[in-house]
Amino acid sequence: MKVTIVGAGNVGATCADVIAYRGIASEVVLLDIREGFAEGKAMDISQCATNTGFNTKVSGSTNDYAKTANSDVVVITSGIPRKPGMTREELIGINAGIVKSVAENVLAHSPNCIVVVVSNPMDTMTYLALKATGLPKNRIIGMGGALDSSRFRYYLSKALDVPSNDISAMVIGGHGDTTMIPLTRLASYNGIPVSQFASQEVLDKVAADTMVGGATLTGLLGTSAWYAPGASVAYLVDSILNDQKKMIACSVFLEGEYGQNDICIGVPCIIGKNGVEEIIDINLNESEKAAFAKSAEAVRGMNADLKSVLA
Ligand SMILES: NC(=O)c1ccc[n+]([C@@H]2O[C@H](COP(=O)([O-])OP(=O)(O)OC[C@H]3O[C@@H](n4cnc5c(N)ncnc54)[C@H](O)[C@@H]3O)[C@@H](O)[C@H]2O)c1
Ligand SMILES: O=C(O)C[C@H](O)C(=O)O
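The name given to the protein in an unreviewed UniProt entry is Malate dehydrogenase, with the source organism recorded as Flavobacterium succinicans. Within the UniProt record for the protein, the comment given under Function (unreviewed entry) is "Catalyzes the reversible oxidation of malate to oxaloacetate." Under the heading Catalytic activity (unreviewed entry), UniProt records this for the protein: "(S)-malate + NAD(+) = oxaloacetate + NADH + H(+)".

So, in structure tokens, the structure goes:
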């Protein structure tokens, strides 16, 4: 199975590294516009093979899309990341043009691929990729919820002082500092509601920390995070390539689910070899429904800025 990752920067290269290390795909191609950069990252990752024991073939390409031909999955991480103090939404001006042209280029060489969009603002970039390419909705998946849910589990694990892997929890809604919806009511510690182990005040702080999880890391690192984002993309790609049918919160095109239409936003999905195999329309309570509607309104407002790019 072949995976192309466009953008060999922090997230793209980390994703390639995790995919190779875990043997998720037999071949990974990294592509970047920066001369020699993707080749260098691919060579460095490939030189881990003997010491970590993987057999995935990793290669790099400077903007030569012929090398990406016949990929099963294409991940788009190309574009600029935010700096401390910025929102993801501020990246739209530069990233929209990049994502549109990259999506068109990859599909010209891999017409049957499933596209995973990572570049920010991710929900709007996913919507743009879908509208610009006309791909069926099951083949365009925005990655954000997998990462936000892993951060939610991290903050819950800290609050409860238990391992992250014993926590089950999901974040839906937009992938933005104010649009994420950590579903605290449904979060559990080995099946037991987390409310049995922490006060509402503590759980509210966990949710708030989760929502600004990316901004916190950007403040600490001077650019946005990459280890957990790269691993989250690899987790999603694994479910596609190996038809695992995992339930993962992803930004996908809605047609009536959650009362929304004509929008890409994070909801629980079954992810398998056909990409989005099913959208799980869970029963939200009234306040969760209101939060989802508000989140969708914000994402829709951002999508309106795409008019000139899509014209
Ligand atoms: N959805 C998420 O959960 C999530 C998580 C982390 C980062 N991101 C986003 O992913 C993007 C990448 O982040 P990063 O930290 O890897 O940034 P980075 O700057 O390290 O890497 C981006 C790479 O894209 C390349 N690039 C730019 N234009 C290109 C083009 N037209 N074709 C090919 N390559 C091109 C750059 O040369 C660079 O190497 C950002 O927009 C960031 O906000 C999203
Ligand atoms: O925070 C960012 O800007 C990058 C990414 O969306 C993240 O959540 O880490």
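Additional details are given in the paragraphs that follow.
Undergrad: What's the story with the site of ligand 2 in this structure? I'm lost.
TA: Taken together, the neighbourhood of ligand 2 is formed by Arg82, Arg88, Asn120, Leu147, Arg151, His175, Gly214, Thr218 and Ser224. In this structure, Arg151 approaches ligand 2 through a side-chain N or O atom, which is 2.8 Å from an oxygen atom. The separation between an oxygen atom of ligand 2 and a polar side-chain atom of His175 is 2.6 Å. Relative to its unbound accessible surface of 260 Å², ligand 2 loses 94% to contact with the protein. The set of elements that each furnish at least two residues to the shell around ligand 2 consists of helix 6 (145-160) and helix 8 (213-221). Residues belonging to the shell around ligand 2 are distributed by class as follows: 1 nonpolar, 5 polar and 3 charged. The residues that make up the shell around ligand 2 include at least three from each of domain 1 (2-143) and domain 2 (144-306).

Undergrad: What exactly am I supposed to notice about the UniProt feature "binding site: substrate" (unreviewed entry) in the protein here?
TA: Following the UniProt record, one finds the feature "binding site: substrate" (unreviewed entry) at Arg82, Arg88, Asn120 and Arg151. Once you skip the residues sitting within four places of it in the chain, Arg88 turns out to touch Arg82, Asn120, Pro121, Arg151, His175, Gly176, Asp177, Met180 and Gly214. With respect to the helices, strands and loops of the structure, Asn120 is situated in the loop between strand 5 (114-117) and helix 5 (122-133). Each residue touching Asn120, except ones within four places of it in the same chain, is listed here: Arg88, Leu91, Asn95, Met125 and His175.

Undergrad: Would you mind going over the domain arrangement of the protein with me for this structure?
TA: The figure often quoted for interface size is the accessible area lost as the parts come together. What the domain assignment reports for the protein is domain 1 (2-143) and domain 2 (144-306). Its C-alpha centre places domain 1 at a distance of 21 Å from the equivalent point of domain 2. Counting residues at the interface gives 41 residues for domain 1, matched by 54 residues for domain 2. Across the domain 1/domain 2 interface, buried area totals approximately 3,700 Å², and carbon plus sulfur atoms make up 66% of it. Remark: the boundary between domain 1 and domain 2 carries 5 salt bridges. Among the ionic pairs, Lys137 bridges to Glu255, the shortest N-O distance being 2.7 Å. Along the contact surface separating domain 1 from domain 2 lie 13 residue pairs in polar contact (both at pLDDT 80 or more).

Undergrad: For this particular structure, what's the right way to read the pairing of strand 2 (residues 27-32)?
TA: Taking burial as the measure, the 6 residues of strand 2 include 5 buried ones, the bulk of the element. Alignment of strand 1 (residues 2-6) against strand 2, held across 5 bridges, turns out to be parallel. Following the sheet pairing, Val6 is matched in strand 2 by Leu31. Following the chain from strand 1 across helix 1 (residues 10-21) to the adjacent parallel strand 2, one finds a crossover that is right-handed. Sheet topology places strand 2 next to strand 3 (residues 57-62); 6 bridges connect them, and they run parallel. Residue pairing for strand 3: Glu27 is matched across the bridge by Lys57.

Criteria and thresholds
- Residues numbered from 1 in each chain as written.
- Chains lettered and ligands numbered in written order.
- Predicted model: local features only at pLDDT ≥ 70, side-chain atom pairs only at ≥ 80, totals over all residues.
- Heavy atoms only, no water.
- UniProt positions renumbered as here; feature names shortened; annotations may be inferred.
- Near = heavy atom within 4 Å.
- Polar contact = N/O pair within 3.5 Å; in protein donor to acceptor, adjacent residues only side chain to side chain.
- Areas by Shrake-Rupley, 256 points an atom, 1.4 Å probe, with all protein chains shown as cover.
- Helix = DSSP H or I, 4+ residues; strand = E, 2+ residues; numbered from the N terminus.
- Nonpolar A, V, L, I, M, F, W, Y, C, P; charged D, E, K, R; others polar.
- Domains from an automatic or database assignment.
- Contact = heavy atoms within 4.5 Å.
- Buried area = accessible area lost by both parts, 1.4 Å probe.
- Salt bridge = Lys/Arg side-chain N within 4 Å of Asp/Glu carboxyl O.
- Buried < 20%, exposed > 50% of the residue type's maximum accessible area, 1.4 Å probe, protein only.
- Pairing = 2+ DSSP bridges.
- Right-handed = clockwise from strand over helix to strand, strands pointing away.

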